[in-house]
Each structure stands twice: as structure tokens, then as C-alpha cells.
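Spelled out from the first residue to the last, the chains are:
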Amino acid sequence: MKEAELRRLLAANLLCAGSIVLTALVPALFLDGFSVLGTHLTWLCICSVCVSVLNVTLCLILKPSPSSKRSSLSNKISRFLKCCIYFFMSCILFHAIIVLYGAPLIESVTETFLFAVLLSTFTTLQCLCLLGPNIQAWIRVFSRNGAMSIWENSLQITTTCSILGGWFGAFPIPLDWDRPWQVWPISCSLGATFGYMAGLIIAPLWIHWNRKQLTYKSR
Amino acid sequence: MRGSTSGSGLERCWPLANRRAGRAGAVAADWPEAGRGGAEDAGSGPGAGRRVGRMRLRLRSGALAAGCLLAEALGVALFLRGFFPLPVRSLPRGEARAQPPAEPAPPGPGIASNWTKIPPPLFRKVVIVLIDALRDDFVFGSKGKQFMPYTTQVIEKGTSYSFIAEAKPPTVTMPRIKALMTGSIPGFIDVVVNLNSPALMSDNLIWQAKAAGKRIIFYGDDTWVKLFPKHFVEYDGTTSFFVSDFTEVDDNVTRHLDRVLKREDWDLLILHYLGLDHIGHMTGPNSPLVGPKLREMDNVLKKIHISLLSKEGEASLPSLLVVCGDHGMSETGSHGGSSEDEVHTPLLFISSAFEKRSGPLTQLELVQQTDLASTLAVGLGLPISRNNVGNIILPVVGSKTMREQLRFLHMNGFQLSTLLQENTPAYEKDLGYEQFKIAEKSHGNWIKLYLEGNNSEILLNLGKKVLKQYLEALRTLSSSLSKQVAQYDMYSMMVGTVIVMEVLLLLFLSVPKALSSRAEFEVPLSPPLFSLLFYLMCLMLCAVHVIVCTSAESLCYFCSMSWLTAVGVMMLISALMCGILSAVGKILENSRLPLKNPGASSSSWSEVDVLILAGTIGHVLSLGASSFIEEEHQTWYFLINTLCLALCQELCRNHFLLKECDLQLGTTMKQNFDSIGEASECKNIDVQAASNSKLGKAASSAEFVKGSDKWISLASPWIILICCRLLRSLNQTGVQWAHRPDFGHWLTSSEHKSELSVLAAISLVMIFVLVQRRCSLVSKIAMALGLLGVYSYRAAIGNVIFPWQHDSKDISKGITEARFVYVFVLGIVFTGTKDLLKSQVISADSSVKSTGLWEVYSGLVLLSALLFRPHNLPVLVFCLLIQTMMTKYIWRPLKFDAAQITIMHYWFGQAFFYFQGNSNGIATVDVSAGFVGLESYVEIPAIFLTAFATYAGPLLWAIHLLCYLSSEVSRNSAAVGHGCFCYALMRSIPVAIYIVLVTGLRYHLFIWSVFSPKLLYEGMHVFITAAICLFFTAMDQNHSQKVQG
């Protein structure tokens, strides 16, 4: 049971990581002059959309968290709306945090906001897919020893990795190398992306490695 | 240094630094009676029974830290002295003067050049107009076109040559004057001694001119008069220390002009105008005051030029007018660094000897500032000064014949190659030297042809080729000479590094002991093994010292010190070594013993701990990159932001997880308890409160009352983050983004004076509100009056306006107002000290002590309110606000331990250092703080005030740390000791690593512009931290006595 689930997790994660690689390569075939560095904002949009679509589909197909009770259509719609609001709020929150970290307040708002959207895609969207708009569950998962399935473990790892990646991505900004990738927010968004991909790959491996220690309590 | 040599107990080998601290009254127990002291409190501590040594020194960790920091300060001072040697270049000028070189002899026998004397002067009179902080775009840019019409016309259509002269950092006036007049590049240490300039001893243009019988007149900055005493037949020096004086300094120069220009009894006239620099310092390059000043300068130039032209007909030789700047100014109006705005100055030669410029000005040629000295020497018919590394600017002598031009270049090349010979043993392999020899040879051939009376066409072409060869050779020679400016005194540097590294090691090794609950060390006072080791090491080091000093060829500071001092330093090194060895021994001994409580070591690290560790290591590593040093403020802002977010997460966990376990009362309860307990043990009380609340809804109402407090607590990290973000945009600092517009500039521009006044007034009121709550009544009143005084001081010097005072009153220096504030500062600090002494002597309750500490703190706040520029007052407000919020809502509820709190204080202190507009460049030091309330420049108070104003951020945070920790003494009796130790450790790590890094990078391209200023800042910070730690130890001492008493 656990092995099979782990395999499903690995497949899903590899799919996500692969899709990010594809977002960097495929659009160049359709769009003239597309490159991750040159037309970074376009790439940010494409990447966010792809990752979110993929995540939502995977969530619907694999159903890692079996919905506890059958719910009516209106309930579903309200859940969906709540999810949208939560996602938007998380974008705003990330934007605010990035500005607090020193991003310019007025100029390059688009860049900052798209970076915030990317971060939200890597973190909040996954939480929404897995846990739904349930803050209590979020807090449980992100507290110590709070994960109750390998999916939640993977969620913990990828989220942490993406945020850490974005954090480390800010390091090269002050260097005076004058490279194109030092322009705001390229290094940060690339950092977050690499962090996310690393998280996706690390998570199944880590769970596999520690499968003896991981004992999930039934809810 | 002196203390260690005069040590009375050298026969006993224990760390001298510690001993010294003991004499300073910092050691808890008097060591000769340590045995008795140990017997007395044998019952009080579990470790007391284990004491077996005869002579033991009990040392509190605070005292250890203070002692270590004092030793470290000594080490850093030695290193700095070695790193910034006084440049020793050519032989002193008094020695036999070499004759100027003759023309190179043409090959072949029989023919010899008959021209051996110095070429005659090219100009009859030379006027040098030096305008301080004249940036290149003030003359060549749009400002020049707008405000300097006459000069622009001369540049574009007149008989002139214009260049952009590049100044070498440090771009400070005195080194630049030296560079202009000697042609050499003065060492970085000139910045430090900039404030009291001694006479210039090396060979220079002024001295040569005087020796040649030229009559020199000087008006302007009295730095010249100090540099060249008795060189001028007539002079009038104006002091440059009243930065707020814009007009009088220049009127004092111009008033002599009419009279002097009519006279004929001078050959060289030097004018140094300071007004522009003062305007730059006070209001920046874009201030509306710059335009009129430039127009004034333009009129001066017009007057001089017309007067020179009118006399031209009478004499055979033309006159020369040189216009130059000593350095530029940055976008903030200061200078000292190496940004393009600071190093690019205009250099204008105006003379009727030159060809009339036909076309408009094309691309300006970039020359070195040092090139002026050799060019002027040739122009005045003087020998080129020996230390010169500059090249002759050829266009200036371009109107002369080919033979003369070649002669000039040969003289210059000869002088440069002589300098190279004196400074490099392997000079013959130098590319420039080889090129010069080749050029010299072809010059000889050319002279042969010339003397033979060859065809002028061929001669001219050949001459041009030789000229090109010479120019190439000169360029290579001067660049290889410029590289050699830095001669490091490696021996002193090594000794300093060894001391600093030993201190760091000792601090590291004593971490487990120092942060234990007792925070005490037992230092055995004379184990035979160590005394033997100590003596051996001393002997060995002295032997090494003798060998090094007798064999060293270059000048070495450490060798030139007296033997007694040197031996003292050696003993300090050996004592530290013994301390390290004994600490290592103890750790090995302990590791052999089985761990008594494995539970303590298994406690996992919280996120904040990980962040603190990673941040410290990351910051230290970042010191290796020049960009990270330039933008160090970004590192600190980034770190404190992350710290705030981590604290926010900690707070959330503290509040929400409890709620969680309140809701899920089932089996998960226990698990959550585990997780909470792991996070931090201290939440037990809250957990109990939460578990109590499950009994009924009644309890939850009580919780609801606390609810508002809880939400404020949750919001506080965000408020702090917002404060930090606002402060970040108050002062843009660093290098890359320093030109970005910021609030500070917006406020200081003259149009926004009323906004600035309102902001300053609100800030002062806020400061009062935030500070007064823990002061006694008397201090409250003094504080209020003092803050009023601050405002009236700022109003008096014209920074802010009173609402009822609409007409701009004449600006005074505000001496009375500033002194009025000083009285209150001293009064408040005195009251605080009195309370502290009272609590020490009478050993009253701790509230007296904490009030006393707070009063000392508020006195310092008042002093910094006076010294800070008015637009920086919000920094002070936010500093107090953040401290209050942190104390009330974060540190107290989360119950961090002393070490964590100390490190957070240190981080915030560093961030505030940059928030107040400092950077790692010399230019941002606000020198005007040193003149607040002083009639004229007085060295000691000026240095003290400037240092205080610069380091106000770290200092205020450190004193606040002391206030906080001593109020926490009831919870953890060793808190102050832990804090002091951590503070010392936090300072020692970056300094030690940085010193090693700088030694490794001493030939880096940016060593002078980036690494050296940072080194000075680090050194200064060590000295200040040592003082802070002594204060900490003194406070700790009180406490420990009280506990024992």
C-alpha cells in the first residue's frame, strides 16, 4: 500500500518537475524570441499556469486526500471560491513580504507580483489541492510531526524548498557582475523554481529513505 | 599594552588579559584568596566541592569576554598599524639632489648634446585655482553651461586644454593636495591623519618652486599652510571645519584677488576655494546653492583670466591659469570613496600660449590627477619631484619644439625609472623600464640626426615616433609604480592576526563553560606544566622577534616599538596560547567522562537558532566579496527581515498550536504537547492555561481579555517589518543603489523644509513618549527640555523652522542651544550613574539599578537625537519603538535565552548602523556631528562625537540589551554574563575572519576603495565593543556582589 502510494507520488512529482522544464523549452517553438531570461515575465506566467493546471489535474486524478464526505454542488462551488480567494490572498501576502524584503514598492510591480504568484503556485496552490481551504489542517501539517501521509510529507518538503530557494535566490542580487539573471526578480524566481524542483525530487527519496521511521497516525 | 608589561605577577603565568581585567575590578573573586572564597560558597554551587587547585582564579564569563576583547583591540590596533604603513618612498629631499638628467647622448663618438641644464620655464606666471569638490560635470556638464558661461566659452572657443583628471581614492582633501603637489599617491592612512595634517616632508612642487626662488602666494584652505609651512611669501588660510559656512570661506579668498592681480611680485598664485565642498556636504550636488556658487567661481576665473591677459603684452612669456578640483562629490554630496562622481574632476589649462580651439569640445581625455605635478614642474622650469608617478600632459607643452618636448619626456621618464630603481629590486625586468631604455636610445639617435642638421620632415616624423615610444614607456612606468603604493608591514600584521585569532579560539573553546548556568570559569593559577610552556613560548617568540627585526630591510612598526612593549605583547600571545591549551585539555577531559544527562544535548534546534547560526556564518562568508561589503546593509536587512518572519512563525506556533490542542482534545493532545514541548520548554505554563480552559467556557472569557494582547503580539513582527522597510527607504546607502531617490534626500532638499520640521517635531515627541516611561521624574523633565533644545538647535542652524518664524533668520552655529542640550545629557547620565553607584554601594533593590541603567540609556538617546541629522530622527524613533515592541511582545512571551536575545540585538544594531545612512565607505561618516556645539575644531570631543554619531545604532542596541538582560536577572542570574560573552563572540568572529581575508586579498584591485575602509570600520567597532563589554562587566560585577552579599 505504502510502496504503491510512494510510486504514485514519485510519478506525480516527476511529472511536475518535467513540466517546469518543458515550460522553459516548449514556448520557444511557438513564441518568437522567447527565453527564460529575456522574456522572463512571459515565462513566469506560463510556468505558473502550467504548474497550477497540472497540480489541479493530478489532484483530481490521484485524489491523495479522499474527500471525507460526499458534498453537494453548492458546497463544492463554495469550496472552489474559497480556494480562489485563499490563493489570491496568498499572492498578496507574498507580494507584501517581498516588498518588505526590499523590493521596490512602485516600480516593477508586475515583476514582483508575478514572482509572488509563482511562489503561491509552488506553495499555496499545493496546500489548497491537498488540504482544501482548511487553515487548521494547514497549521497541523506545518507544525512538527504534523504530517499524516506521504503526500503531506512531500508537501512540507516542496513548500520549504521553494521558499528557501527563493530566499537563496536573492543572494546574488548585490553582486556587481551585471549578468542578465541578476535583474529583479529573475534570480529569485529561478531560485524558487529550482528549489521547488529539488523539493519534488527530494521528497520521494527522503520518504523512501525514512520509511521505517515514518509512522502516520490515523486520523 | 602597557598594562601587560607592568604586570606584577609575571612569574605566575596566567592570562595577562584576564589579570588585567581583574585589576580593573572585573573579576569576581580576588584571586590570592580564591581558596577561602571557594570554601565560603562551597555550599552554594554543586561545582564548589570539586575545586582542588591551590591557586585558582574564578572568572565570570563577562570578565573573560571583556578581557578577550581588550586583547583583541590590541591585536586589531597592531594589525591596522601594519596594514596602513606610512608610505616610505624616495630618499628624503634633504639629501644630495641629483642633477636633472641631460639629454641622452647620441651614439657614436664626437658628438655630444650641449643641453644639460634644466629647460627654462614655459610660463611667466602660474595661477592655480583649486575648487574643492569640483566635479567634472559642474564644468563640462549642463551645470557648467548654465552657471559658468565664461569658462564654457573659454573651453569651447578659447586657448585652453581641458581634461578629466581622475583622483585616486581616498578622495579626501589632504591626500589629494599631496597628490597634486608631489605627483605621488598618498597611502590610505592619510585619511586618518587628515584632521591634523603635518608638514609634507617629501619632495614636492611647492618646495622645488621655493628653492628655485619663485615667490608663491596662497589663499584658501589652511591645510596648505600646514602642509607647506614657511613656503609662501604671503598667505591667508581659512579653516575648513565649519561645514555650514558657505560664503565667508570663499570671500576670504576673493577679497585678496584684486590687490594681488595688480601686483607683479609673485610667480605662483594658489587659490583654494572651499565653499562648493561645504555646500555639497550640507545639501548635496543638486541643491539650489550650487548654481550661484559656480557662478561666483566663474566670475573669479573671468577676473583672473582677463587680468592675466592684460599683462601678457609686457612680458615675453605667457601666463598659465590652471583650474582643477581636488575630488568630486557623490550624489549625496560627500566624498572619500571611489565612485565615478567622486574621482572625476575637471582639469583646465588656460593660456595664450595654446592654440585656439576651433571645433566644439569632443570627447575629453582622461588623465591622472598626479599628472599635474610633473606638468607644472616643466611649465615652471623646475625639476620633477622625486616621488612623482605622473606623466607630463603633452598637449600643454605641445607648442614647444620637438627637441624640447622630447627633453621633457626624457626628464619625466628618467625620474620615474629612478623611482622604480629605488623601490623595486628587479627593476630591470620591468616592462616600463625596458621601454624607457629603448625610447632613450632612439632619442639619442634622433639628437644625432638633429645635431647633424637633417631634413626637418624626416626629423619630425622620427621625433613623433620617439615621442610615442616615450609616452608608452611613461604610461607603463607610472602604472607599475602606482601599484607599488601599498607596502605592507607583514610582521606587525602577523602579530596582530595571531592575537586576534587566539582570542577567537579562546572564546570558542570557552563557549560551553561561559554559557552554562553559572557562567564562571575556574582558572588554575600556576600549574607547573603551563608555566614551563609559557616561559618556553615567551623565549621562543622573543628569539623570533629578534631575528625578524634584525633581518628585516623595510621599516617595521612592531620592531620600532620599545623592547619592553614588544616583550609584553609576546607574553600576551603566550598567555593566550596557554589559555587555549588548557581549555582544549579540559574539553578532552570532559569528553572522556560519560555524559551525565544525554537528554540535554538531544534538544533539537528551533528555526530561530538555525537562522542565527546560518546568518552569522553567511555574513562572515560574505565579507570575502567586495560587492557584499559594499552592499553589506542588504545582508543585514535581509537577515533581520528573515529573523522577524521566523519570530512571527514562532509566535504563531505559540498561539495557534495551543488553540489547536484546545480543539482536538483527543489522542492528538499528547502528540501536540510533545511537539510544543520540543519547540520550547517554556510554554508549559501556557499549555497548562490552555488545558485548564477546556474545563469550561468560563475560562475562555478570561482568555478573551488577553485576546487583544495576543493579536498585538502576533502583529508585532509585521509592524517591525514595516518599520524596517520604511527605514530602508529613508537612507539609500551602499554603492550600487546609492543614487536611488530616498526620503532622506527628499526631506533635506530646501523645498521640503516645513515637512522636515514637522517630521522632526513629531519624532522628538515620540522619542520622549517612548523613553520617559521608565525614567524618574527629574530625568523626564530634563529629557523634555533636552529634546526641546535639540529642536531649537536645529532651528538655529537652519535645518528646521519654527512655525512662527517665517522670515529666514540669519543662520548661526547654534552653540548655545547645543550646549544647553549637552548640559541635560550630562545631567541625565549623571543621575543614572548615581543610581547605579547607589545600587552597588547600598545594594538596594534591583529597580534602582534598572532605573539607573535606563537613565544612562535615555541620556545616550538624547545625545544621539542632538547629533543625528533631523531627517534621521525617525531612525531613533523606530529604534525605540522596535525595542519596546520586541521586549514586550516577543522576547518576554517567547522567553528566549540570553544568548539568542544578544545575537538578535547585535543584528538589529548592525542593521540600524546602516539605517542611519552609514555604509562601508569613508564618505558617509558624518563629520559635521563632531562640530555640534563647538566653537572651533577641538580634536578629542570632535572624534568622540563623530564616533558616537556613527555607531549610535549598535551602541544604543547594546545598552538596551544591558537594560533588558539586567531586568531579566531574576529569571536567569547569569544573563548579563551570557549576554556580554555572546556580544564579544559575535564581534570577534567577523573581525578575526575579516583580518585573515584582508591579508589574503591585500593585492586585490579594490583593496583601497572597498576593503580598507571596511577594515577601519571593523577596527573602530572592536574598540567600541570593548568599551561596551567593560560596561557590561561592571554591571555584572555589581550583580554578582549583590548575590554574594
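Residues numbered from 1 in each chain as written. Chains lettered and ligands numbered in written order. Predicted model: local features only at pLDDT ≥ 70, side-chain atom pairs only at ≥ 80, totals over all residues. Heavy atoms only, no water.

- Labelled according to an unreviewed UniProt entry, chain B appears under the name Phosphatidylinositol glycan anchor biosynthesis class G (EMM blood group), originating from Gallus gallus.
- Comment text from UniProt for chain B, heading Sequence similarities (unreviewed entry), reads "Belongs to the PIGG/PIGN/PIGO family. PIGG subfamily."
- Here chain B is described in UniProt, under the heading Subcellular location (unreviewed entry), as follows: "Endoplasmic reticulum membrane". (UniProt positions renumbered as here; feature names shortened; annotations may be inferred.)

- Where an unreviewed UniProt entry is consulted, chain A appears under the name Phosphatidylinositol glycan anchor biosynthesis class F, with the organism given as Gallus gallus.
- Entered under Subcellular location (unreviewed entry) in the UniProt record, the comment concerning chain A runs "Endoplasmic reticulum membrane".
- Under the heading Pathway (unreviewed entry), UniProt records this for chain A: "Glycolipid biosynthesis; glycosylphosphatidylinositol-anchor biosynthesis."

**What about the overall build of chain A?**
Next up, step 1: Tallying secondary structure elements over chain A gives nine helices and zero strands in all.
Next up, step 2: Each helix and strand of chain A, placed in order from N terminus to C terminus, yields the pattern α-α-α-α-α-α-α-α-α.
Next up, step 3: Counting the 219 residues in chain A, one finds 49% classified as buried.
Next up, step 4: Sequence-distant contacts in chain A: of pairs separated by 6 or more residues, those separated by 24 or more amount to 70%.
Next up, step 5: On chain A, roughly 11,700 Å² of surface is accessible, and the fraction owed to carbon and sulfur atoms is 71%. (Helix = DSSP H or I, 4+ residues; strand = E, 2+ residues; numbered from the N terminus. Buried < 20%, exposed > 50% of the residue type's maximum accessible area, 1.4 Å probe, protein only. Contact = heavy atoms within 4.5 Å. Areas by Shrake-Rupley, 256 points an atom, 1.4 Å probe, with all protein chains shown as cover.)

**Description of the packing of helix α21 (residues 490-509) of chain B against helix α25 (residues 563-592) of chain B**
Residue and element names in this part refer to chain B.
Next up, step 1: Closest axis-to-axis distance for the α21/α25 pair is 9 Å, and the angle between their directions is 30°. For the element pair α21 / α25, the angle class is roughly parallel. At the point where α21 passes α25, the crossing takes the left-handed sense. Together, Tyr491, Val495, Val498, Ile499, Glu502, Val503, Leu505, Leu506 and Leu509 of α21 and Val569, Met570, Leu572, Ile573, Leu576, Met577, Gly579, Ile580, Ala583, Val584 and Ile587 of α25 make up the contact between the two elements. (Axes fitted to C-alpha atoms, helices over the stretch in contact; angles between N-to-C directions. Parallel < 35°, antiparallel > 145°, perpendicular 65-115°, else oblique. Left-handed = near helix turned anticlockwise from the far one by under 90°.)

**Focus on unusual backbone geometry**
Next up, step 1: Trp184 of chain A connects to Pro185 of chain A through a cis peptide bond whose omega is -5°.
Next up, step 2: Here Pro185 of chain A shows up in the loop between α8 (150-169) and α9 (186-209).
Next up, step 3: Even without being glycine, Ser108 of chain A reaches a positive phi, approximately 50°.
Next up, step 4: At Lys895 of chain B, a residue that is not glycine, the phi angle is positive and equals roughly 55°.
Next up, step 5: Checked against the element boundaries, Lys895 of chain B lands in the loop between α38 (873-894) and α39 (898-915).
Next up, step 6: Overall, the relative accessible area of 33% leaves Lys895 of chain B in the partly exposed class.

**Let's talk about the sheet that holds strand β6 (residues 268-273) of chain B**
Residues and elements named next belong to chain B.
Next up, step 1: The eight strands lie next to each other as β5-β4-β6-β2-β7-β8-β3-β9, forming an open sheet whose pairing is mixed. Strand pairing shows two members of the sheet lacking a second neighbour, β5 (234-238) and β9 (365-368), which therefore form its edges. Averaged over all pairs of adjacent strands, the angle between their axes in this sheet comes to 20°, without regard to strand direction.
Next up, step 2: Two strands pair when backbone bridges link them, and strand β2 (residues 126-131) and β6 are joined in this way by six bridges, in the parallel orientation. Bridge pairing in β6 places Ile128 opposite Ile270. (Pairing = 2+ DSSP bridges.)

**A closer look at the interface of chain A and chain B**
Next up, step 1: Taken together, the contact pairs 24 residues of chain A with 29 residues of chain B.
Next up, step 2: The contact between chain A and chain B buries some 2,400 Å² in all, and 60% of this surface belongs to carbon and sulfur atoms.
Next up, step 3: Among the residues chain A hides against chain B, the three largest losses belong to Leu100, Tyr101 and Arg144 of chain A. Together they make up 33% of the total.
Next up, step 4: Counting across the interface, chain A meets chain B through zero salt bridges.
Next up, step 5: Viewed at the interface, chain B and chain A are joined by seven residue pairs in polar contact (both at pLDDT 80 or more).
Next up, step 6: A per-element tally of the side of chain A that touches chain B places helix α4 (residues 73-100) of chain A first, with four residues.
Next up, step 7: Of the residues belonging to the side of chain A that touches chain B, the class tally is 15 nonpolar, four polar and five charged. (Buried area = accessible area lost by both parts, 1.4 Å probe. Salt bridge = Lys/Arg side-chain N within 4 Å of Asp/Glu carboxyl O. Polar contact = N/O pair within 3.5 Å; in protein donor to acceptor, adjacent residues only side chain to side chain. Nonpolar A, V, L, I, M, F, W, Y, C, P; charged D, E, K, R; others polar.)

**Focus: the nonpolar core**
Residues and elements named next belong to chain B.
Next up, step 1: With 226 residues, the main nonpolar core has Ile499, Phe558, Ile767, Ile890, Trp907 and Phe908 as its most contacted residues.
Next up, step 2: Three or more residues apiece are contributed to this core by two domains, here domain 1 (2-86 + 489-591) and domain 4 (624-972).
Next up, step 3: Filtering out sequence-adjacent residues up to four positions away, Phe908 remains in contact with Ile640, Leu643, Cys644, Ile720, Cys724, Ile882, Met886 and Trp957. (Core = buried A, V, L, I, M, F, W, Y, C linked by side-chain atoms within 4.5 Å. Domains from an automatic or database assignment.)

**Topic: the side chain of Gln883 of chain B**
Residues and elements named next belong to chain B.
Next up, step 1: Among the structural elements, Gln883 can be located in helix α38.
Next up, step 2: Take Gln883: its relative accessible area is 1%, and that puts it in the buried class.
Next up, step 3: Beyond its immediate sequence surroundings of up to four residues, Gln883 is in contact with Tyr857, Trp891, Leu956, Trp957 and His960.

**Observations regarding the pattern of salt bridges**
Here the idea is simple: oppositely charged side chains can pair when their charged atoms come close.
Residues and elements named next belong to chain B.
Next up, step 1: This model, assessed by the stated rule, comprises 23 salt bridges over all chains.
Next up, step 2: Here Lys293 makes a salt bridge to Asp250, at a shortest N to O gap of 2.6 Å. Pair noted here: Lys293 is in helix α15 (residues 290-312) and Asp250 is in helix α12 (residues 248-254), with a separation of 43 residues, a long-range link.
Next up, step 3: Take Lys293: its relative accessible area is 4%, and that puts it in the buried class.
Next up, step 4: For Asp250, a relative accessible area of 0% gives the class buried.

**Things to note about a nonpolar patch on the surface**
Residues and elements named next belong to chain A.
Next up, step 1: Among the surface-exposed residues, Val21, Leu22, Leu25, Val26, Leu29, Phe30 and Leu31 lie close enough to one another that they form a single nonpolar patch of about 710 Å² accessible area.
Next up, step 2: Those elements giving two or more residues to the nonpolar patch turn out to be α1 (2-25) and α2 (27-30).
Next up, step 3: If one sorts the elements of the nonpolar patch by residue count, α1 sits on top with three residues.
Next up, step 4: Relative to the elements of secondary structure, Leu22 occurs in helix α1. (Patch = residues over 30% accessible without salt bridge, like charges linked within 9 Å, V, L, I, M, F, W, Y side chains within 5 Å.)

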